[in-house]
Amino acid sequence: MVSLSLEKGIKELVEGFIKAGCPSVRNQSIAERRQGYLDSVSLAGESEPVHQVREVEIDGLTLRMYKPSAEEKLPVAIYFHGGCFVSGGFDTHDQQLRKLANVSGAIVIAVKYRLAPEYAYPAAHDDAYNSTLIIREHCAKWGGDPHNISLVGDSAGGHLCLVTSLRLKEHSDWQPAKQILIYPMLDATASSQSYEDNGKHYIITKDTLVTGYDMYLNEVSREHPEASPLYRTDLAGLPETHILTAEFDPLVDEGELLYRKLLDAGVEAQCRRYLGVTHGFFQLSGISHAAKESINQVATIIQSNK
């Protein structure tokens, strides 16, 4: 039974989804699934002007930069988009990245990573990691501060944030100042109770999430440490971590469990659960007060880097 305690605009979306019979992505082609994500962009609200928006390609990786002013040594936020590893991109996230750059005063740099099913694991993970190294190397000439970099991502992008930080800890002498995980996908086994509680009626369903893992991980074990980073035992030494969760999200339990695991590992961490909203709400600022507030929260975290 769907909860009545949803934000008004989101409640209308959920009621429409239920009225349509809770259609499963299993009945969609990958092209239809990607187009459906693009079709939802209007729910993000107006597209704000930004001082400079441009794309650069380095070593085969494509980045889109949102620079809010002509100033130099700005904080840098590297952003990994969501889409369950199979959809999403610059166009699905453009409105909120513009807002994030303007509110935070930081250069927001979105990463175009390879998607499944055309590219399976570890393609997205490698693109996220390599892009982070490239951005750190080049961001000073773009007006950014290489000593003040945050990693940010929603859903699959939150997963990529965490794994990138873990790879940096293992293979590099550098860590980002902070990482911000927005309702991250962390457990490819889909075993938490919230998958059962919230996995059918709230638009981004258990099917949506699990089929994304299936296409991306392919033959890789769902218990692989980069498939389900929730179960990693090497969390100690990660950067300050901020987690945002949504009340009616199949992923709410795993995001909050990661928070507890980070505290147990001695990592400075904070977690905020947004009530009355579903997975994906960060992209719904055209209809959701919580979405607007979450953008302000993420911007404040980025802004507060020392």
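The numbers attached to residues start from 1 for each chain and follow its sequence in the written order. This being a predicted model, a pLDDT of at least 70 is required before a residue's local features are given, and a value of 80 or more before pairs of side-chain atoms are given or counted; all residues contribute to the totals for chains, interfaces and linings. Heavy atoms from the whole structure form the basis of all side-chain values; hydrogens and water molecules are not counted.

1. Re the sheet that holds strand E3 (residues 74-80)
Part 1: The criterion for strand pairing is that DSSP finds at least two bridges linking the strands in question. Numbering goes from the N terminus for both helices and strands, where a helix is a DSSP run of H or I of at least four residues and a strand is a run of E of at least two. One open sheet accounts for eight strands, arranged E1-E2-E4-E3-E5-E6-E7-E8; its pairing is mixed. Of all the strands in the sheet, just strand E1 (52-58) and strand E8 (269-278) have a single pairing partner and so form its edges. Direction aside, the axes of adjacent strands within the sheet are offset by 20° on average.
Part 2: Alignment of strand E2 (residues 61-67) against strand E4 (residues 107-112), held across five bridges, turns out to be antiparallel. The residue bridging threonine 62 from the neighbouring strand is lysine 112, located in E4.
Part 3: By definition in these notes, contact holds between two residues if any of their heavy atoms fall within 4.5 Å. To get an axis, a line is fitted to the C-alpha atoms, and for a helix only the part in contact is used. The angle between two axes follows their N-to-C directions and goes from 0 to 180 degrees. The strands touched by helix H4 (residues 123-138) are E1, E2, E3, E4 and strand E5 (144-154); relative to E2, the strand with the most contacts, the crossing angle is about 50°.

2. Quick word on H4
Part 1: Given a helix with a known number of residues, its expected span is that number minus one, times 1.5 Å. For H4, spanning 16 residues, the distance from its first C-alpha to its last is 22 Å, which sits close to the expected 22 Å at 1.5 Å a residue.
Part 2: Categorising residues by exposure relies on relative accessible area from a 1.4 Å probe, with only protein chains included: less than 20% of the type maximum marks a residue as buried, more than 50% marks it as exposed, and the intermediate range marks it as partly exposed. Turning to H4, its buried residues number three or more, namely Ala123, Ala124, His125, Asp127, Ala128, Tyr129, Ser131, Thr132, Ile134, Ile135 and His138.

3. Thoughts on the side chain of glutamate 240
Part 1: Position of glutamate 240 relative to the elements: it lies in strand E7 (residues 240-248).
Part 2: Side chain to side chain, glutamate 240 and histidine 242 meet in a polar contact 2.6 Å long.
Part 3: Sequence-distant contacts of glutamate 240, that is, excluding residues within four places in its chain, are made with Ala177, Lys178, Gln179 and Glu268. Throughout this description, a polar contact denotes any pair of N or O atoms lying within 3.5 Å of each other; where both atoms belong to protein, one of them has to be capable of donating a hydrogen while the other can accept it, and for residues adjacent in sequence the pair is counted only when both atoms sit in side chains.

4. A look at the pairing of strand E6 (residues 178-182)
Part 1: By the criterion of burial, E6 is predominantly enclosed, with five of the five residues buried.
Part 2: Across the two faces of E6 the burial is the same, with Lys178, Ile180 and Ile182 and Gln179 and Leu181 all buried.
Part 3: When the strands point away from the viewer, a crossover counts as right-handed if the path from the first strand over the helix to the second runs clockwise. Following the backbone out of E5, through helix H5 (residues 156-171) and into the adjacent parallel E6, one traces a crossover that is right-handed.
Part 4: Here E6 pairs with E7 via five bridges, running parallel. Pairing of leucine 181 across the sheet is with isoleucine 243, part of E7.

5. What about the pairing of E3?
Part 1: Among the seven residues that make up E3, seven are buried, leaving the element largely enclosed by the rest of the structure.
Part 2: As paired strands, E3 and E5 are joined by six bridges and run parallel to one another. Following the sheet pairing, valine 76 is matched in E5 by isoleucine 149.
Part 3: Pairing of E3 with E4 involves five bridges; the strand directions are parallel. Bridge assignment links phenylalanine 80 to a residue of E4, and that residue is valine 111.
Part 4: Viewed along the sheet, the connection from E3 through helix H3 (residues 90-104) into E4 turns out right-handed.

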